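Here is how the chains run, residue by residue.
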Amino acid sequence: MKNRFFDRGCHISLFILIIIISLFYIITSVHAKEVRGVTDTTVKLGVIGDLTGPAADTWRPLADAIKIYYKYINDQGGIHGRKINYVLEDDRYSIPMAMAAFKKLVFRDKILSLTPGASGAGHTHVLIPLCEKHKVPLSAATNNKDFFQPVRKYVFTTLPFYSDQIKLMFEYLLTDLKIENPRISLAYPDTAAGKDVRDSVQEEARASNIKLLSEVILPLMGGDCSSQVLNLKRAKPDYIIIYGHVAGAVSFLRDAKKLSLSAVSFITQYGCVEDTVKIAGDAAGNMMGANGFGSWHDNSPGMNKIRKVTLKYYPGSGSRNRNFMQGWFIAMTAVEALKNAGRNLNDETLIDGYEKIRGFDTQGICGFIDFGPKDHKAIDYHRIYKADVENKKLIPITEWRKPYARD
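Values in this document were obtained by computation on a predicted structure and should not be read as measured data. (Residues numbered from 1 in each chain as written. Predicted model: local features only at pLDDT ≥ 70, side-chain atom pairs only at ≥ 80, totals over all residues. Heavy atoms only, no water.)

**Digging into the environment of Ala 284**
Note that Ala 284 resides in the loop between α9 (274–280) and β10 (287–291). Note: C-alpha distance between Ala 284 and Lys 257 (27 residues apart in sequence) is 8.5 Å. Excluding its chain neighbours within four sequence positions, the residues that come into contact with Ala 284 are Leu 253, Val 277, Ala 387 and Val 389. (Helix = DSSP H or I, 4+ residues; strand = E, 2+ residues; numbered from the N terminus. Contact = heavy atoms within 4.5 Å.)

**Comments concerning the sheet that holds strand β9 (residues 264–267)**
An order of β7-β6-β8-β9-β10-β11-β12 is seen for the seven strands of this open sheet, with the pairing classed as mixed. The strands lining the two open edges of the sheet, one partner per strand, are β7 (215–218) and β12 (393–396). Taken pair by pair, the neighbouring strands of this sheet meet at an average axis angle of 30 degrees, ignoring direction. Where helix α8 (residues 246–258) meets the sheet, it contacts β7, β8 (239–242), β9 and β10, and its direction lies at approximately 175 degrees from that of β9. (Pairing = 2+ DSSP bridges. Axes fitted to C-alpha atoms, helices over the stretch in contact; angles between N-to-C directions.)

**What to know about the confidence of the model for the protein**
Confidence along the protein averages 90 in pLDDT terms, with 91% of residues attaining 70 or more. Note on residues 21–32: pLDDT under 50 across the span, and zero contacts to partners over four residues away in sequence or across chains. (pLDDT = per-residue confidence, 0-100.)

**Here we look at unusual backbone geometry**
Between Thr 115 and the following residue, Pro 116, the backbone shows a cis peptide bond with an omega angle of 0 degrees. The topology assignment puts Pro 116 in strand β3 (residues 113–117). A cis amide bond links Gln 149 to the next residue, Pro 150, at an omega of 0 degrees. Tracing the chain through its elements places Pro 150 in the loop between β4 (138–140) and β5 (155–157). Positioned with a positive phi, Lys 236 is a non-glycine residue whose angle comes to about 60 degrees.

**Quick word on the packing of helix α11 (residues 322–341) against helix α12 (residues 347–355)**
Between α11 and α12, whose axes approach to 7 Å, the crossing angle comes to 115 degrees. By the angle class used here, α11 and α12 are roughly perpendicular. In this structure, the crossing between α11 and α12 has a hand that is right-handed. Contacts between α11 and α12 pair Thr 333, Ala 334, Ala 337, Leu 338, Asn 340 and Ala 341 from the former with Thr 349, Leu 350, Gly 353 and Tyr 354 from the latter. Partitioned by chemical class, the residues of the contact of α11 with α12 number six nonpolar, four polar and no charged. (Parallel < 35°, antiparallel > 145°, perpendicular 65-115°, else oblique. Left-handed = near helix turned anticlockwise from the far one by under 90°. Nonpolar A, V, L, I, M, F, W, Y, C, P; charged D, E, K, R; others polar.)

**Digging into the state of the cysteines**
Here, disulfide denotes a covalent bond that connects the sulfur atoms of two cysteines. If you walk through the whole model with that rule in mind, you get zero disulfides. The closest cysteine sulfur to the non-disulfide-bonded Cys 272 is located on Cys 366, 15 Å from its own sulfur. The exposure class of Cys 272 is buried, given its relative accessible area of 0%. (Disulfide = S-S within 2.5 Å. Buried < 20%, exposed > 50% of the residue type's maximum accessible area, 1.4 Å probe, protein only.)

**Focus: the pattern of salt bridges**
Charged atoms that come close allow side chains of opposite charge to pair. In total, this model carries 15 salt bridges according to the counting rule given. Between Arg 322 and Glu 274 there is a salt bridge, with the nearest N and O atoms lying 2.8 Å from each other. You can see Arg 322 sitting in helix α11 and its partner Glu 274 sitting in helix α9, a full 48 residues away along the chain. In this structure Arg 322 comes out as buried when scored by relative accessible area, which is 1%. For the salt bridge of Asp 380 with Lys 377, the shortest nitrogen-to-oxygen distance reads 3.0 Å. You'll find Asp 380 and Lys 377 in the same group, each marked buried. Several salt bridges share partner residues, and in doing so they unite Glu 89, Lys 104 and Asp 109 into one network. (Salt bridge = Lys/Arg side-chain N within 4 Å of Asp/Glu carboxyl O.)

**Quick notes on the sheet that holds β4**
Read across the open sheet, the five strands follow the order β2-β1-β3-β4-β5; overall the sheet is parallel. Strands with a single pairing partner mark the edges of an open sheet, and in this sheet they are β2 (83–90) and β5. Recorded for the sheet is a direction-independent mean angle of 25 degrees between the axes of neighbouring strands. Here strand β1 (residues 42–49) runs beside β2; their pairing, made up of eight bridges, is parallel. The residue bridging Lys 44 from the neighbouring strand is Asn 85, located in β2. Against the sheet, helix α2 (residues 56–75) contacts β1, β2 and β3, and its axis sits at roughly 165 degrees relative to β2.

**Quick word on helix α5 (residues 162–176)**
Helix length check: α5, at 15 residues, gives a terminal C-alpha distance of 20 Å against a target of 21 Å (1.5 Å per residue), a fit within 8%. With 12 of 15 residues buried, α5 lies mostly within the body of the structure. Those residues of α5 that sit buried are Tyr 162, Ser 163, Asp 164, Gln 165, Ile 166, Lys 167, Leu 168, Met 169, Phe 170, Glu 171, Tyr 172 and Leu 173. Buried residues along α5 sit against β6 (184–189), α6 (192–207), β8, β9, β10 and β11 (383–388). Looking one or two residues beyond α5, the residue adopting positive phi is Lys 178, at roughly 55 degrees. (Expected span 1.5 Å × (residues − 1).)

What follows is the structure in structure tokens.
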């Protein structure tokens, strides 16, 4: 009898053990299938940008475009049956706030990807190792080439490099205008992106055997630039290459006009927008620059669609600037990557989805787009623009161009 009870007890214990092990594997399997930010019906993406700080004039229209484009995609049924749920955080152009926003988005909101992440170069520099550690694909909104070359698995950029725009400016002066020894000065704020432009200008000047006449540091948020303008005026440049956002560019242009500095102001991406011309007014008469995105008023299939969709959701809202086009493009490439990733969505398949974007025709929003396992940079093409003060526009004076390859 004892043996029977003993055998029965062993069978019961073994049965319970099997149940426990089975439940463990079932639970483990369920958790293994869970992907951060992904459900059967939604995918959650994060956005970090400056909505209330010194770069807000750039980021607010960019964020508006992302919101509109994702709404448009969701109204079409989403991607592979999933609606896009995005969470927007304001870092106020502050590195500590960008880090806090990252932690909230990843650990509390549980986003799959940052598209885009962080409002400036310094902020992006801090977030990159965090994205790599926690396997968060990052579509960065910064142009510093050192962040993307050599390629980092989790890091992409959907912006043109400042270094490419600087090359195009030198190419335009030396090749198009055939100026043998252009008199060039440089103005930039003391930020990571400003220093990237500085280094690019210095490198290109050396390669072209041109000696820069002078350099000045500009206030990031705009303000009095009189002393900088007077310093530049003493050097007598014909061209001043400027990095700055709208507020800084406008302040410089106004003080340059007031103090009769007649040099052409060649402005990079974020200052080379219609808002600068509108706000600076007559002071923008000598403004030129480079930008990687088209204009609201361009007659192209891509820009026509942007106008149609935007005015559908916000009737009578009026024209949008190039920073809006940038946000649209960032969202558009994220959607293209999600399409390429397929239904089995996770960080690895999303990265693969970005890398499969080849020969993507934006139909005039910008040039053709190519990513790849060895190329996480989207934009190679830009146009040179000149301000049309009377009509408050930027007029392209070149076609879409890719910078030359130096021997």
